[in-house]
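Report on the structure
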Amino acid sequence: MAINHFLGSLDFSPEKYDVLFSLASRIIDSPSDYTDRCRGKLMATLFYEPSTRTRLSFEAAMLRLGGGVISVASAKSSSVSKGESLGDTIRTVGGYADLIVMRHPKEGAALLAAEYSPVPLINGGDGAREHPTQTLTDLFTIHRFKGRFDGLTVAFCGDLRYGRTVHSLVKALARYSGVKFILISPSELRLPERIVREVNEINPEATLQETTSMEDGLESADVLYMTRIQKERFFNEEDYIRLRDTYILTEDKLRAASEEMIVMHPLPRVTEIDYAIDADPRAVYFEQARFGMFARMALIVHLLSDKEGGDA
Ligand code: NCD
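Read on for a plain summary of the structure.

Thresholds applied
Residues numbered from 1 in each chain as written. Predicted model: local features only at pLDDT ≥ 70, side-chain atom pairs only at ≥ 80, totals over all residues. Heavy atoms only, no water. Helix = DSSP H or I, 4+ residues; strand = E, 2+ residues; numbered from the N terminus. Rg over C-alpha atoms; globule rule 2.2 N^0.38 Å. Buried < 20%, exposed > 50% of the residue type's maximum accessible area, 1.4 Å probe, protein only. Phe/Tyr/Trp six-rings, centres within 6.5 Å; stacked < 30°, edge-to-face > 60°. Core = buried A, V, L, I, M, F, W, Y, C linked by side-chain atoms within 4.5 Å. Domains from an automatic or database assignment. Pairing = 2+ DSSP bridges. Axes fitted to C-alpha atoms, helices over the stretch in contact; angles between N-to-C directions. Lys, Arg positive; Asp, Glu negative; His and termini not counted. Salt bridge = Lys/Arg side-chain N within 4 Å of Asp/Glu carboxyl O. Contact = heavy atoms within 4.5 Å. 1 Å grid on protein atoms, 1.4 Å probe; cavity = no way out; pocket = protein on both sides within 12 Å on 5 of 7 lines; lining within 4 Å. Points joined across faces, edges and corners; volume = space filled by probe spheres on them. Nonpolar A, V, L, I, M, F, W, Y, C, P; charged D, E, K, R; others polar.

**Here's the deal with the overall build of the chain**
Along the chain, the regular secondary structure elements total 11 helices and nine strands. Relative to its length of 312 residues, the chain is compact, with a C-alpha radius of gyration of 19 Å against a globular reference of 20 Å. With the C-alpha coordinates of the chain rotated into their principal frame, the extents come out at 55 × 45 × 40 Å. The burial tally for the chain puts 55% of its 312 residues in the buried class.

**Points about the packing of aromatic side chains**
Across all of its chains, the model carries 13 aromatic pairs by this definition. Here Phe 21 and Phe 149 contribute two aromatic rings whose centre-to-centre distance is 6.1 Å and whose plane-to-plane angle is 40°, an arrangement assigned as tilted. Of this pair, Phe 21 sits in helix α1 (residues 14–29) while Phe 149 sits in the loop between α5 (132–146) and β5 (153–157), and the two are 128 residues apart along the sequence. For Phe 21, a relative accessible area of 1% corresponds to the buried category. Here a set of aromatic residues connected by ring pairs shows up, and it is made of Phe 6, Phe 12, Tyr 17, Phe 21, Phe 140, Phe 145, Phe 149, Tyr 176 and Phe 291.

**Let's talk about the nonpolar core**
Residues Phe 156, Leu 173, Phe 181, Leu 299 and Ile 300 are the most contacted members of the largest nonpolar core, which totals 59 residues. The element best represented in this core is helix α11 (residues 285–304), accounting for 11 residues. Two domains each provide a minimum of three residues to this core, namely domain 1 (14–130 + 289–308) and domain 2 (132–288). One finds Ala 155, Ala 221, Leu 267 and Ile 273 within the second-largest nonpolar core, a separate group that totals 20 residues.

**Section: the sheet that holds strand β1 (residues 42–47)**
One open sheet accounts for four strands, arranged β2-β1-β3-β4; its pairing is parallel. Each edge of the sheet is formed by a strand with only one pairing partner; in this case those strands are β2 (68–72) and β4 (121–126). Ignoring which end each strand starts from, the neighbouring axes of this sheet average 15° apart. Sheet analysis places strand β3 (residues 99–104) next to β4, joined by four bridges and oriented parallel. Paired with Val 101 across the bridge in β4 is Ile 122.

**Remarks on the side chain of Asp 159**
As for its position among the elements, Asp 159 is in the loop between β5 and α6 (164–173). Of the buried charged residues, Asp 159 lacks a salt bridge, with Arg 161 as the closest side chain of opposite charge at 6.7 Å. Apart from residues lying up to four places away in sequence, Asp 159 is in contact with Leu 189, Thr 227, Arg 228, Ile 229, Gln 230 and Phe 234.

**Concerning the layout of surface pockets**
One number sums up the size of the largest pocket: a volume of about 370 Å³. In this structure, the largest pocket is lined by 20 residues; those nearest its centre are Arg 103, Arg 164, Arg 228, Leu 267 and Pro 268. Listed by contribution, the elements that provide at least two residues to the lining of the largest pocket are α2 (53–64) and α6. When grouped by side-chain class, the residues that make up the lining of the largest pocket number four nonpolar, 10 polar and six charged. Residue assignment places the lining of the largest pocket across two domains, with domain 1 (14–130 + 289–308) and domain 2 (132–288) each supplying three or more.

**Let's talk about unusual backbone geometry**
The omega torsion of the bond from Leu 267 to Pro 268 falls at 5°, within 30 degrees of zero and hence cis. Turning to its location among the elements, Pro 268 is positioned in the loop between β9 (262–264) and α11. Positive phi, normally seen in glycine, also occurs at Leu 267, with a value near 65°. One can find Leu 267 in the loop between β9 and α11. Residue Leu 267 is classed as buried on the basis of its relative accessible area, which comes to 11%.

Written as structure tokens, this is what we have:
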């Protein structure tokens, strides 16, 4: 039987995402029905890059489902620092746990790890490439607040070059009809050409509008997806310092946006959203982080199901 991995945001069809959203919403409504759902199962989290939300929401999700968690929170504290290969680590951990969640600084590390994994492997972020469980979180948040994906105008703002959450989400959203993307970034941090090509292949009708001006994007957006400039992916500090404060969402700027627009952010935030915005009802990023835990509960239930192709 094929192992159910989750390595990229396109691994699941829109229909499968819908099944997961329904399950996540059922869990929110009746959490006590799920407290034993993963009793006796163990999840390993292997994080070779810093994380707060992804690791802790996965661990909280598994514990709330009645399962257990074993964890490596940094490369330094594991045998990677002794020179162990990723394949050997994954084979070993796959003998202990029923599910592995891994974050790694190298692009493609999750694909490699999945080749060695005897249990479902979830990509918790591989370099600047993909972050599919953030996409699951983001889509679930949009689903909860907007109730639809078709016809939405989604503005992405900040580091579209290195932001893996953007790369995964843009591709997943491109599958819906009438979606319009407004891509707001400095010219150095534009969405990579390969992602633009992919979006056009997925949906030749999808509209992509690139701009360097935040104001351009705000008026017509249904969703504003703010991102952090990804300091750790820059080759030199000077470029980072020059670009870090390019976009700062303030109350003043938000005045141009619709009352119905939602402001999302995968977090962590640095300077790109003024703290005063937190009180605005349009700011949903902390709810988004919380929805991420329920979405991951649904994902775990799905991947650990015995039925072929998973179950929700
Ligand atoms: C994101 C990531 O790790 O890519 N964080 C997250 O998982 N919520 C975004 C970021 O680090 O800027």
